[in-house]
Amino acid sequence: LDRVLVDLSVGMPINESLGRYTGSLAALDAEFAKWARDKANELAPKADWSTPEIPRRASVEVIITWLKDHPNNYAALQRLAEAQLTAKDLPAAKITLAKMIELYPAGGTPYAFLARIHREEKNVKAEREMLLKIAALAASDLDVFARLSELSAEAGDWETARKYTLRSLGVNPLHPDTHRRAARAAEQLKDHALAIESYQALLLLE
């Protein structure tokens, strides 16, 4: 990669440079396609990613019946979880969401649903655990970062509050509430540079 960048710096076309170091573009394309397919197959090998043949407004019972023959269909499980949440059947929804996580641990959707359930149950610790899982998977989920900052501030964990506030600023530095959270965390931590920067940003944003 360093050699390719040197070639580009002197004006060499990228395809010509890649061909010099990879044997040929055809070989590079074939190897990359195989690597990508292998990665995709390893991601959730037991999950069924096909589109479920279920009516759009199917009831919980209809979805459950369909899942008996397709127990690992991820989209159908998500629809079931959504239907169970709508019906306020939280224990059943938790079981469905656990199945989704078992099939695809790197998917953020079930963690988001579980965070919502725990928030309704006023289980702050469990909600925070789910939000932390999403934050580890997502680079730009502002709602999750904001909620983590809020919960951390309420718990007096100002280091974590600052961490997720700074992640929010990395995504969108133009939101006044984020700068207010940053200023508050900075004052608690005696991080004077961040406090000054945050208050200056608020002044600029009027």
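The structure we're discussing is the one just above.
As the structure is a prediction and not an experimental result, all values here were calculated from the model.

Thoughts on the overall build of the protein chain
- For the protein chain, the count of helices and strands is 12 helices and 0 strands.
- Listed N to C, the secondary structure of the protein chain is α-α-α-α-α-α-α-α-α-α-α-α in terms of helices and strands.
- Expected size for 206 residues packed as a compact globule is a radius of gyration near 17 Å; at 23 Å, the protein chain overshoots this value by more than 25%.
- Counting only C-alpha atoms and orienting by the principal axes, one finds that the protein chain spans roughly 65 × 55 × 25 Å.

A closer look at the pattern of salt bridges
- Within the structure shown, the criterion is met by 11 salt bridges.
- Close ionic contact of aspartate 38 with lysine 34 constitutes a salt bridge, the shortest N to O distance being 2.8 Å. Placement of the pair is aspartate 38 and lysine 34 together in helix H3 (residues 25-43), with a separation of 4 residues, close to one helical turn.
- Exposure remark for aspartate 38: the relative accessible area of 32% places this residue in the partly exposed category.
- Taking the shortest distance from any N to any O, the salt bridge between glutamate 120 and arginine 116 comes out at 4.0 Å. Separated by 4 residues within a single helix, glutamate 120 and arginine 116 lie in helix H7 (residues 109-120), roughly one turn from each other.
- You can call arginine 116 partly exposed: its relative accessible area is 40%.
- Overlapping salt bridges, with partners in common, bring together Lys88, Arg116 and Glu120 in one network.

Concerning the layout of surface pockets
- The computed volume of the largest pocket comes to approximately 180 Å³.
- Every residue along the wall of the largest pocket is listed here: Ala112, Ala115, Arg116, Arg119, Glu127, Leu131, Ile134, Asp141, Asp143, Val144, Arg147 and Glu150.
- If you list the elements that add at least two residues to the lining of the largest pocket, you get H7, helix H8 (124-137) and helix H9 (142-154).
- Residues belonging to the lining of the largest pocket are distributed by class as follows: 5 nonpolar, no polar and 7 charged.

Re the side chain of serine 149
- With respect to the element layout, serine 149 can be found in helix H9.
- Under the relative-accessibility criterion, serine 149 is labelled buried at 2%.
- Sequence-distant contacts of serine 149, defined by excluding residues within four places in its chain, comprise Ala161, Tyr164, Thr165 and Arg181.

Rules of the game
Per chain, residue numbering runs from 1 following the sequence as it is written. Per-residue local features of the predicted model are confined to residues with pLDDT of at least 70, and side-chain atom pairs are confined, for both listing and counting, to 80 or more; whole-chain, interface and lining totals are unaffected and use all residues. Each side-chain value is derived from all of the structure's non-hydrogen atoms; neither hydrogens nor water enter the calculation. A run of H or I in DSSP counts as a helix once it spans at least four residues, and a run of E counts as a strand once it spans at least two, with each numbered from the N terminus. Computation of the radius of gyration draws on C-alpha atoms alone. For the globule rule, the value is 2.2 Å times the number of residues to the power 0.38. A pairing counts as a salt bridge when a side-chain nitrogen of Lys or Arg comes within 4 Å of a carboxyl oxygen of Asp or Glu. Here the term buried applies to any residue with accessible area under 20% of the maximum for its type, exposed to any over 50%, and partly exposed to those in between, with areas from a 1.4 Å probe on protein chains only. Space inside and on the surface of the protein is sampled on a 1 Å grid over the protein atoms alone, with a cavity defined as a set of points where a 1.4 Å probe fits but cannot get out and a pocket as an open set with protein on both sides within 12 Å along at least 5 of 7 lines; lining residues have an atom within 4 Å of a point. Grid points are joined across faces, edges and corners, and a volume is the space filled by probe spheres set on the points. We call Asp, Glu, Lys and Arg charged. Ala, Val, Leu, Ile, Met, Phe, Trp, Tyr, Cys and Pro are nonpolar, and the rest, Gly among them, are polar. Here, two residues are considered to be in contact whenever any of their heavy atoms come within 4.5 Å of each other.

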